[in-house]
Each structure stands twice: as C-alpha cells, then as structure tokens.
Amino acid sequence: QVQLVESGGGLVQAGGSLRLSCASSGRPFSSYTMGWFRQAPGKEREFVAASKWGGADTRYADSVKGRFTIARDSAKNAVYLQMNSLKVEDTAVYYCAARAPYRTLSANSYDYAYWGQGTQVTVSS
C-alpha cells in the first residue's frame, strides 16, 4: 500500500510561484511513476505532469509546459511540482498520484492506483 500526502498549496498572485510537495510511504519510491493532476470547481480532473519510475522521463500538459517542473527525490521519497508564472486559470485542487510499480508515463487518471488528499492552489488576479 502507498500513502501520499501533499503540501505546499496556498494563495498566490498571478505571476507568482509555488512549490507543491508529495511525500510517499510504502514500497521503494523509485519504482513508481508519479503524477500531478488538478481539479477546478465544476471541471473534470486533468493531467498536469508526470515523472516516470527511475526519474528519467517526464511529461507535461500543454497548458503548463515551460511554467511547471516535476522533480523527484528518491532519498526523501518525495515528488515536487514547481509552479512558476502562475495564472488565475491554474486555480484548482492539486493531487499527487502514483501508478502501480514499473508502469510507464500516463496522462490518464484511471491509470493511477494511489492518490493523495489534495492541496488547494488559488491564484488571484
């Protein structure tokens, strides 16, 4: 079983930055493909970024490419989402997720078996 706990959300002005953290417990962290998703009020959950197990490959949604960076620290069993140049439309609850071990990158939320509780990010104009 994997437990994921997000932190780092908050209120920030447009153009600002935030770094989200996701702490993982359970099996060796390096074996999990990790993803970040977000859900705004009244909208479906959407893919933001993912980091393949081993950390060599990443994928981003077009809407965040060039502004967000996903990174992982296997020594700390953690994955991060650095968010720069934030926009009002980035406002959402952000979720950390993990696939079953040794699975490839995916932007589909149904491919992720484990989820954190979410952290709110609010970007004001």
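Below you will find a few notes about this structure.

Each value, and the rule that gives it
Residues numbered from 1 in each chain as written. Predicted model: local features only at pLDDT ≥ 70, side-chain atom pairs only at ≥ 80, totals over all residues. Heavy atoms only, no water. Disulfide = S-S within 2.5 Å. Helix = DSSP H or I, 4+ residues; strand = E, 2+ residues; numbered from the N terminus. Buried < 20%, exposed > 50% of the residue type's maximum accessible area, 1.4 Å probe, protein only. Polar contact = N/O pair within 3.5 Å; in protein donor to acceptor, adjacent residues only side chain to side chain. Phe/Tyr/Trp six-rings, centres within 6.5 Å; stacked < 30°, edge-to-face > 60°. Lys NZ or Arg CZ within 6 Å of the ring centre and 35° of its normal. Contact = heavy atoms within 4.5 Å. Salt bridge = Lys/Arg side-chain N within 4 Å of Asp/Glu carboxyl O.

**Re the state of the cysteines**
Now for step 1: Considering all chains together, one arrives at one disulfide under this definition.
Now for step 2: Between the sulfur atoms of Cys22 and its disulfide partner Cys96 the distance amounts to 2.1 Å. One quick way to see it: the torsion about the S-S bond of Cys22 and Cys96 is about -75°, and its sign makes the bridge left-handed. Here Cys22 is found in strand β3 (residues 18-25), whereas its partner Cys96 is found in strand β9 (residues 92-98), with 74 residues between them in sequence. Residues Cys22 and Cys96 agree in their burial class; the two are buried.

**Here we look at the side chain of Thr119**
Now for step 1: Residue placement: Thr119 occurs in strand β11 (residues 119-124).
Now for step 2: Judged by its relative accessible area of 12%, Thr119 is buried.
Now for step 3: In this structure the side chain of Thr119 is engaged in a polar contact, spanning 3.2 Å, whose partner is the backbone nitrogen of Gly9.

**What about the packing of aromatic side chains?**
Now for step 1: Enumeration according to the criterion identifies seven aromatic pairs in this entry.
Now for step 2: A ring pair is formed by Phe37 and Tyr112, whose centres lie 5.1 Å apart and whose planes are at 75°; its orientation type is edge-to-face. On the criterion of sequence distance, the pair formed by Phe37 in strand β4 (residues 34-39) and Tyr112 in the loop between β9 and β10 (114-115) is long-range, its members being 75 residues apart. Each member of the pair, Phe37 as well as Tyr112, is classed as buried.
Now for step 3: Each member of the aromatic cluster is reached from another via a ring pair, and the members are Phe37, Phe47, Tyr95, Tyr112 and Trp115.
Now for step 4: In this arrangement the basic side chain of Arg45 is found over the ring face of Tyr95, its NZ or CZ atom lying 3.9 Å from the centre.
Now for step 5: Note that Arg45 overlies the ring of Trp115, its terminal NZ or CZ placed 4.7 Å from the centroid.

**Brief notes about the environment of Glu44**
Now for step 1: If you trace the backbone, Glu44 turns up in the loop between β4 and β5 (46-51).
Now for step 2: Among the residues examined, Glu44 registers a relative accessible area of 70% and is labelled exposed.
Now for step 3: Contacts of Glu44, omitting those with residues within four sequence positions, involve Arg38 and Gln39.

**What about the pattern of salt bridges?**
Now for step 1: Evaluated as defined, the whole model comprises four salt bridges.
Now for step 2: When the shortest N-O distance is used, the salt bridge between Asp90 and Arg38 registers 2.9 Å. With Asp90 in the loop between β8 (78-83) and β9 and Arg38 in strand β4, this pair connects stretches of sequence that are 52 residues apart.
Now for step 3: According to the relative accessible area criterion, Asp90 is buried, its value standing at 0%.
Now for step 4: It is possible to trace a salt-bridge network through shared partners that takes in Arg38, Glu46, Arg67 and Asp90.

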